[in-house]
Amino acid sequence: MPAEKPQLTRYRDRMDKAVSALKEEFASLRTGRASASLLDQIMVEAYGATTPLNQVSAITVPEPRSISVNVWDRGAVVSVEKAIRASGLGLNPVVEGQTLRIPIPPLTEERRRDLAKIAAKYAEQQRVAIRNVRRDANDDLKKAEKDSVISQDEQKRMESEVQKMTDEAVKRVDEALKTKEQEIMQV
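Residues numbered from 1 in each chain as written. Predicted model: local features only at pLDDT ≥ 70, side-chain atom pairs only at ≥ 80, totals over all residues. Heavy atoms only, no water.

**What about empty space enclosed by the protein?**
Condition: Definitions used throughout: a 1 Å grid over protein atoms alone; a cavity as a set of points that fits a 1.4 Å probe which cannot get out; a pocket as an open set with protein on both sides within 12 Å along at least five of seven lines; a lining residue as one with an atom within 4 Å of a point. Grid points are joined across faces, edges and corners, and a volume is the space filled by probe spheres set on the points. Strands here mean DSSP runs of E at least two residues long; helices mean DSSP runs of H or I at least four residues long; both are numbered from the N terminus. We call Asp, Glu, Lys and Arg charged. Ala, Val, Leu, Ile, Met, Phe, Trp, Tyr, Cys and Pro are nonpolar, and the rest, Gly among them, are polar.
On inspection of all chains with the given rule, the structure shows one cavity of 30 Å³ or more. What the largest cavity holds in volume is close to 40 Å³. Around the largest cavity, the lining residues are R12, M15, D16, M165, E168, A169 and R172. Looking at the lining of the largest cavity, the elements with two or more residues in it are α1 (8-27) and α4 (152-185). When residues in the lining of the largest cavity are grouped by element, the largest group, four residues, is from α4. Residues belonging to the lining of the largest cavity are distributed by class as follows: three nonpolar, no polar and four charged.

**A closer look at unusual backbone geometry**
In most cases, non-glycine residues show a negative phi, while peptide bonds are predominantly trans. Let me state the cut-off plainly: When a residue's accessible area, from a 1.4 Å probe over protein chains only, is under 20% of the maximum for its type it is buried; when over 50% it is exposed; and in between it is partly exposed.
Positive phi values are uncommon outside glycine, yet S148 reaches one of about 60°. Judged by its relative accessible area of 62%, S148 is exposed.

**Some points on the environment of A116**
To keep it simple, the criterion reads: Note on definitions: a residue-residue contact is assigned when non-hydrogen atoms from the two residues lie within 4.5 Å.
Tracing the chain through its elements places A116 in helix α3 (residues 109-146). With a relative accessible area of 13%, A116 lands in the buried category. Between the alpha carbons of A116 and V56 there is a distance of 30 Å; along the sequence they are 60 residues apart. If sequence neighbours within four positions are ignored, A116 has contacts with E181 and I184.

**Let's talk about the sheet that holds strand β6 (residues 99-103)**
To keep things clear, this is the line we draw: Note: two strands are recorded as paired if DSSP finds a minimum of 2 bridges between them. Axis geometry follows a simple rule: fit a line to the C-alpha atoms, using only the stretch in contact for helices, then measure angles between N-to-C directions, giving values from 0 to 180 degrees.
Strand order in the open sheet formed by four strands is β3-β4-β6-β5, with antiparallel pairing between adjacent strands. Two strands bound the open sheet, and with one partner strand each, they are β3 (57-63) and β5 (94-96). Within this sheet the neighbouring strands show an average axis-to-axis angle of 25°, counted without direction. Of the strand pairs in this sheet, strand β4 (residues 66-71) and β6 are connected by five bridges, and their pairing is antiparallel. Residue pairing across strands places S68 opposite R101, the latter belonging to β6. With respect to the sheet, helix α2 (residues 77-85) is in contact with β4, β5 and β6, its orientation differing from that of β6 by roughly 15°.

**Considering the pairing of β6**
In the sheet, β5 pairs with β6 via three bridges, with the strands oriented antiparallel. Residue pairing in the sheet places V94 in a bridge with R101 of β6. Adjacent in sequence and paired antiparallel, β5 and β6 are bridged by two residues, among which G97 carries a positive phi angle near 70°.

**Considerations on the environment of R172**
Structurally, R172 can be placed in helix α4. Its relative accessible area of 25% is what places R172 among the partly exposed residues. It is 9.9 Å that separates the C-alpha atoms of R172 and R127, two residues lying 45 residues apart in sequence. Setting aside residues up to four positions removed in sequence, R172 forms contacts with D16 and V19.

Function cannot be inferred from these measures alone, as they are strictly geometric.
This is the structure:
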């Protein structure tokens, strides 16, 4: 089977996915306001498996400083409460029957700094993922050139294009981080 010419769009898609994943992770980082997406990353031990919180309950935001979690199964309420407390988000749910009310306390300066560090860590993980995509692309281009699928000039041109895509994706990660940090530090 002859090797095929590497498609740069495939690598661009993977870089875009890294940026999207970062934005999803940022949505789960709390700022001073309540948001249903804050609980997206929480997994609950229910029905003998680890399940996302939003699959065992309805999450609503009745007011800017509180979240309401309506658990569908009475037997899962304790597991949901444990999962929220153990999430590291600094939340203390109040159980009222099958509903958990979660007051969102105002962030302290120290907590804001911690959240900014977590955001920076998420951003760095995605930068690494983007650089891994670049490495994969360059390896594929070298192999394609070695197998005489593309010329050496074409390989160099495509490698510089991959570098441009990498720089652009990292820039988008940095911009998203800067925006999130401003959002976190805003009182």
